[in-house]
Amino acid sequence: MIAHLRGRLISKHPNQAIVEAAGVGYDVTITVPAFSELPQEGSEVSLHIHTHVREDALALYGFLRAEEKQLFEKLITVSGIGPKLAITILSGMPVADMVGSIRGNDIARLTKIPGIGKKTAERMVVDLRDKLEKFGAPQSVAAVTPVEDDVLSALMNLGYQRPVAERALAVAARNGGAANFDQLFRDALAALSK
């Protein structure tokens, strides 16, 4: 089993990276945030690897940080969540937010991730809530007002990834804390343009 892979990044695409090590190119499935953080093609890269073995396939899943790999391995223990859905889940929310949402029973936030319905979110909370203490995230996630939720939705409809939109919204709320949609939306767009 491969647990760690270091080599030259041959190519990268959202959800895929090819890493050459000792003359062999390894096709590794990655999250969208990992794709964004990877260096340029031709650079040296180091990934934490989960090797998933099935009778018809051998698949590699790569992560830049050990805690992402650990959360991935916890997610695939949940009934109904396989490696591909776990990658989608990790692409939809940062690790700290994910852990906080699970430990804080925030079903509504978890169901906003593509591919996660209410039953799967509930299973994630029930199965993982007590298994995530070592991640050290707070049990409750800061409540989002309905206006902030609408602004976040509007930013995502414009094509921004959820983590990017959440950061811009946090900056806008911190700077102005506007209670109306129009002002908060403008401030969030301004934060994105910086």
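This one's a predicted model, so the numbers in the text were calculated from it and none came from an experiment.

The rules behind each value
- Residues numbered from 1 in each chain as written.
- Predicted model: local features only at pLDDT ≥ 70, side-chain atom pairs only at ≥ 80, totals over all residues.
- Heavy atoms only, no water.
- Helix = DSSP H or I, 4+ residues; strand = E, 2+ residues; numbered from the N terminus.
- Contact = heavy atoms within 4.5 Å.
- Pairing = 2+ DSSP bridges.
- Axes fitted to C-alpha atoms, helices over the stretch in contact; angles between N-to-C directions.
- Patch = residues over 30% accessible without salt bridge, like charges linked within 9 Å, V, L, I, M, F, W, Y side chains within 5 Å.
- Areas by Shrake-Rupley, 256 points an atom, 1.4 Å probe, with all protein chains shown as cover.
- Salt bridge = Lys/Arg side-chain N within 4 Å of Asp/Glu carboxyl O.
- Buried < 20%, exposed > 50% of the residue type's maximum accessible area, 1.4 Å probe, protein only.
- pLDDT = per-residue confidence, 0-100.
- Arc of directions from axis to C-beta.

1. Some words on the environment of glutamate 37
Step number 1: Here glutamate 37 is to be found in helix α1 (residues 32-37).
Step number 2: Distance in space between the C-alpha atoms of glutamate 37 and glutamine 70 is 19 Å, their sequence separation being 33 residues.
Step number 3: Those residues in contact with glutamate 37, other than ones at most four positions away along the chain, are Leu64 and Arg65.

2. Considerations on the sheet that holds strand β3 (residues 24-29)
Step number 1: Pairing within the closed barrel is mixed, and its five strands lie in the order β1-β2-β3-β5-β4. Direction aside, neighbouring strands of the sheet carry axes that sit 55° apart on average.
Step number 2: Bridging between strand β4 (residues 44-53) and strand β5 (residues 58-63) involves six bridges; their strand directions are antiparallel. The partner of threonine 51 across the bridge, within β5, is leucine 60.
Step number 3: The sheet contacts of helix α3 (residues 83-92) involve β3, β4 and β5, and relative to β5 the element is tilted by about 15°.

3. Side note on the pairing of β3
Step number 1: Bridge analysis of strand β2 (residues 16-21) against β3 gives five bridges, and the strand direction is antiparallel. Counterpart to alanine 17 in the pairing with β3 is valine 28.
Step number 2: The hairpin turn running from β2 into β3, its antiparallel successor, is two residues long, and alanine 22 in that turn takes a positive phi close to 55°.
Step number 3: Here β3 runs beside β5; their pairing, made up of two bridges, is parallel. By the bridge assignment, threonine 29 is partnered in β5 with tyrosine 61.

4. Quick word on a nonpolar patch on the surface
Step number 1: On the surface, Leu158, Tyr160 and Val164 cluster together into a nonpolar patch covering about 250 Å² of accessible area.
Step number 2: As for its position among the elements, leucine 158 is in the loop between α7 (146-157) and α8 (162-175).

5. Looking at the pairing of β2
Step number 1: Of the two faces of β2, only one is covered, namely that formed by Ala17, Val19 and Ala21; the face formed by Gln16, Ile18 and Glu20 stays uncovered.
Step number 2: Sheet topology places strand β1 (residues 4-13) next to β2; five bridges connect them, and they run antiparallel. The partner of lysine 12 across the bridge, within β2, is alanine 17.
Step number 3: The loop that links β1 with its antiparallel partner β2 comprises two residues; one of these, asparagine 15, has a positive phi angle of about 75°.

6. Notes on the pattern of salt bridges
Step number 1: Using the criterion set out here, one finds eight salt bridges in the structure.
Step number 2: Measuring nitrogen to oxygen at the nearest pair gives 3.1 Å for the salt bridge that ties aspartate 56 to arginine 54.
Step number 3: The class of aspartate 56 is exposed, set by a relative accessible area of 59%.
Step number 4: Here lysine 112 and aspartate 149 are joined by a salt bridge, their closest N and O atoms 2.5 Å apart. Of the two residues, lysine 112 is situated in the loop between α5 (107-110) and α6 (118-128) and aspartate 149 in helix α7; the sequence distance between them amounts to 37 residues.

7. Section: the confidence of the model for the chain
Step number 1: Scored by pLDDT, the chain comes out at a mean of 85, with 93% of its residues at no less than 70.
Step number 2: Taken element by element, the predicted model of the chain shows its lowest mean pLDDT in α8 (80) and its highest in β3 (94).
Step number 3: In the predicted structure, residues 137-141 sits below a pLDDT of 50 and forms 14 contacts with residues beyond four places in sequence or in another chain.

8. What about helix α2 (residues 66-75)?
Step number 1: The complete set of buried residues in α2 reads Glu68, Lys69, Leu71, Phe72 and Leu75. On an axial view of α2, the arc spanned by its buried residues comes to 165°, and they lie on one face.
Step number 2: Buried residues along α2 sit in contact with β4, β5, α3, α4 (95-103) and α6.

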